[in-house]
Amino acid sequence: MTGAKSWWTSPARHFLQHLLEMTAAMFIGMGVLAMPARLLWEALGWDFMIENLVARTLVMATNMTIGMALWMRIRGHRWRPILEMSLAMYLPFVIMYPFYFGGLAGTTGVMVVGHVLMVPAMAVVMLFRLDEYTLPHSMHRRAGEPETKELAAQPDA
């Protein structure tokens, strides 16, 4: 029983929980915001926002980022880690654009690879902030609460 209990309090479990929660929040954000965005583009007559691959993937990444950033803030993360994680949402698509424009990847390839690489991109960002992502959420400073001495010593509030 000790092994099971130690897993539930282990840094590895907290890391995995953070990753899974942010991934779920990304897809919820994409699902909830996709239709309103599409309706907005149609109402404005901005068909290029629906038809253009770069515009479409940037809007999709933004929808995913909004969901993830909102969830991270609710869970008590500071703004700098939220910004870093948000940048990881766009990076896989940006990496794929030269392949697309060079004729080496099609629309489907950009979409699939862009989405598949988001989770590893997030994991890499998390590895640079193990102090942030291996803690239980209860240890994060909540919005509006004063910082603890440990968090105050970290750059960025």
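Residues numbered from 1 in each chain as written. Predicted model: local features only at pLDDT ≥ 70, side-chain atom pairs only at ≥ 80, totals over all residues. Heavy atoms only, no water.

A. Structural context of the packing of helix α2 (residues 11-44) against helix α4 (residues 53-74). At a minimum axis distance of 6 Å, the contact between α2 and α4 shows a crossing angle of 130°. Classified by the angle their axes make, α2 and α4 are oblique. Two packed elements cross with a definite hand, and for α2 against α4 that hand is right-handed. Two secondary-structure elements touch here, α2 through Glu21, Met22, Ala25, Met26, Phe27, Gly29, Met30, Leu33, Ala34, Ala37 and Trp41 and α4 through Val59, Met60, Asn63, Met64, Ile66, Gly67, Met68, Trp71 and Met72. Grouping the constituent residues of the contact of α2 with α4 by class yields 16 nonpolar, three polar and one charged. (Axes fitted to C-alpha atoms, helices over the stretch in contact; angles between N-to-C directions. Helix = DSSP H or I, 4+ residues; strand = E, 2+ residues; numbered from the N terminus. Parallel < 35°, antiparallel > 145°, perpendicular 65-115°, else oblique. Left-handed = near helix turned anticlockwise from the far one by under 90°. Contact = heavy atoms within 4.5 Å. Nonpolar A, V, L, I, M, F, W, Y, C, P; charged D, E, K, R; others polar.)

B. Highlighting the packing of α4 against helix α6 (residues 107-127). Between α4 and α6, whose axes approach to 11 Å, the crossing angle comes to 25°. When the axes of α4 and α6 are compared, the pair comes out roughly parallel. Note on packing geometry: the crossing formed by α4 with α6 is right-handed. Facing Leu53, Arg56, Thr57, Met60, Ala61 and Met64 of α4, the residues of α6 in contact are Thr107, Val110, Met111, His115 and Met118.

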